Amino acid sequence: MKILHFTKSLVMTTLLCMLTLMAFSQASPASTASGKIGEATLTIKYNAPSVKGRTVWGSLVPYEKVWRTGANTVTTLETDKDIKVEGKALVAGKYSIYTIPGEKEWIVIFNSQIGQWGVTRAGETTLDPTKDVLRVSVKPKKSASMNEKLLFAIGDKGFTMSWENLDIPVSVK
């Protein structure tokens, strides 16, 4: 009888743990955007947080502070060919993408350090500016529609990050 009770408890505990893990893993699911721009193949890997009724820009994601550009681990961009981002050269390779959101202008940062968590335990960015390879300025635009989840899309003229009520287009050639 004790073995049957123990087995039921073990099964229930295991199921509860699995459900909890599934819930947390779906909070900001891993996503990938991939596409070609000219001869280059670009791949952006990121974790997509949701708005969940919150005000994102200027609140959840403060203006004029470095943001990991997504959730969990830092977003990465990989290109198999040299490209020009906003007219500036970026050699083929894999980079972390950080951003500094602003009301009228954003700075997009390509950093050579990859694989790090986006923030420290204290909530500070993990960006090491000494490993910045490129910084470019871009202009945010109002989205045509509300985007509940963060989304990166690659088109023939570059990539766009869309979330809440903004699109952040980045020109790539």
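Quick caveat: nothing in here was measured; it's all calculated off a predicted structure.

What counts and what doesn't
- Residues numbered from 1 in each chain as written.
- Predicted model: local features only at pLDDT ≥ 70, side-chain atom pairs only at ≥ 80, totals over all residues.
- Heavy atoms only, no water.
- Helix = DSSP H or I, 4+ residues; strand = E, 2+ residues; numbered from the N terminus.
- Buried < 20%, exposed > 50% of the residue type's maximum accessible area, 1.4 Å probe, protein only.
- Contact = heavy atoms within 4.5 Å.
- Areas by Shrake-Rupley, 256 points an atom, 1.4 Å probe, with all protein chains shown as cover.
- Pairing = 2+ DSSP bridges.
- Axes fitted to C-alpha atoms, helices over the stretch in contact; angles between N-to-C directions.
- Core = buried A, V, L, I, M, F, W, Y, C linked by side-chain atoms within 4.5 Å.
- Polar contact = N/O pair within 3.5 Å; in protein donor to acceptor, adjacent residues only side chain to side chain.
- Phe/Tyr/Trp six-rings, centres within 6.5 Å; stacked < 30°, edge-to-face > 60°.

Draft legend 1. Representation of the overall build of the chain within the structure. When its secondary structure is counted, the chain shows one helix and ten strands. Counted from the first residue to the last, the chain has its helices and strands arranged as α-β-β-β-β-β-β-β-β-β-β. Counting across all 173 residues of the chain, residues that qualify as buried make up 39%. The contacts of the chain with a sequence gap of at least 6 include a subset with a gap of at least 24, amounting to 56%. When the accessible area of the chain is evaluated, it comes to approximately 10200 Å², of which 59% is carbon and sulfur surface.

Draft legend 2. Quick peek at the sheet that holds strand β1 (residues 30–37). Pairing in this open sheet of six strands is antiparallel, and the strands run β1-β2-β3-β6-β7-β8 from one edge to the other. Single-partner strands in this sheet number two, and they are β1 and β8 (132–138). Across the sheet, the mean angle from the axis of one strand to that of its neighbour is 25 degrees, orientation sign disregarded. As judged from the four bridges shared by strand β2 (residues 40–47) and strand β3 (residues 75–79), these two strands associate in the antiparallel manner. Paired with leucine 42 across the strands is threonine 79, a residue of β3.

Draft legend 3. Spotlight on the nonpolar core. Of all hydrophobic cores here, the largest spans 34 residues; its most connected members are Trp57, Val85, Phe110 and Phe159. For this core, the secondary structure elements donating two or more residues are β1, β2, β4 (83–85), β6 (93–100), β7 (106–111), β8, β9 (141–155) and β10 (158–171). When residues of this core are assigned to their parent elements, the largest contribution, six residues, is made by β10. Aside from chain neighbours lying at most four places away, what touches tryptophan 57 is Tyr63, Trp67, Trp106, Met161, Trp163, Glu164, Asn165 and Leu166.

Draft legend 4. Broad picture of the side chain of asparagine 147. Mapped onto the secondary structure, asparagine 147 falls in strand β9. Here the side chain of asparagine 147 touches serine 145 through a polar contact of 3.3 Å, landing on its backbone oxygen. Filtering out sequence-adjacent residues up to four positions away, asparagine 147 remains in contact with Val51, Ser162, Trp163, Glu164 and Asp167.

Draft legend 5. Looking closely at the pairing of β2. Most of β2 sits out of view: six of its eight residues are buried. Pairing of β1 with β2 involves eight bridges; the strand directions are antiparallel. Each residue of the ladder has a partner; that of threonine 32, found in β2, is lysine 45. Between β1 and β2, which pair antiparallel and follow one another directly, the connecting turn spans two residues, one of which, glycine 38, has a positive phi of 65 degrees.

Draft legend 6. Up close: the environment of isoleucine 168. Within the element layout of this structure, isoleucine 168 appears in strand β10. Taking relative accessible area as the criterion, isoleucine 168 reaches 2% and is therefore assigned buried. Along the sequence, isoleucine 168 and lysine 142 sit 26 residues apart, while their C-alpha atoms lie 8.8 Å from each other. Residues within four places of isoleucine 168 in sequence aside, it is in contact with Trp106, Val138, Pro140, Phe159, Thr160 and Met161.

Draft legend 7. Examining the packing of aromatic side chains more closely. A full pass over the atoms with the stated rule returns seven aromatic pairs. Between tryptophan 57 and tryptophan 106 the ring centres are 5.0 Å apart and the planes differ by 75 degrees, which places this aromatic pair in the edge-to-face class. One end of the pair, tryptophan 57, is in the loop between β2 and β3; the other, tryptophan 106, is in strand β7, and 49 residues separate them in sequence. By relative accessible area, tryptophan 57 is classed as buried at 7%. Since its relative accessible area comes to 0%, tryptophan 106 is described here as buried. Seen from their ring centres, tryptophan 57 and tryptophan 163 are 5.6 Å apart, and the 90 degrees between their planes marks the pair as edge-to-face. A residue pair is termed long-range when its members are at least 10 positions apart, and tryptophan 57 in the loop between β2 and β3 and tryptophan 163 in strand β10 qualify at 106 residues.

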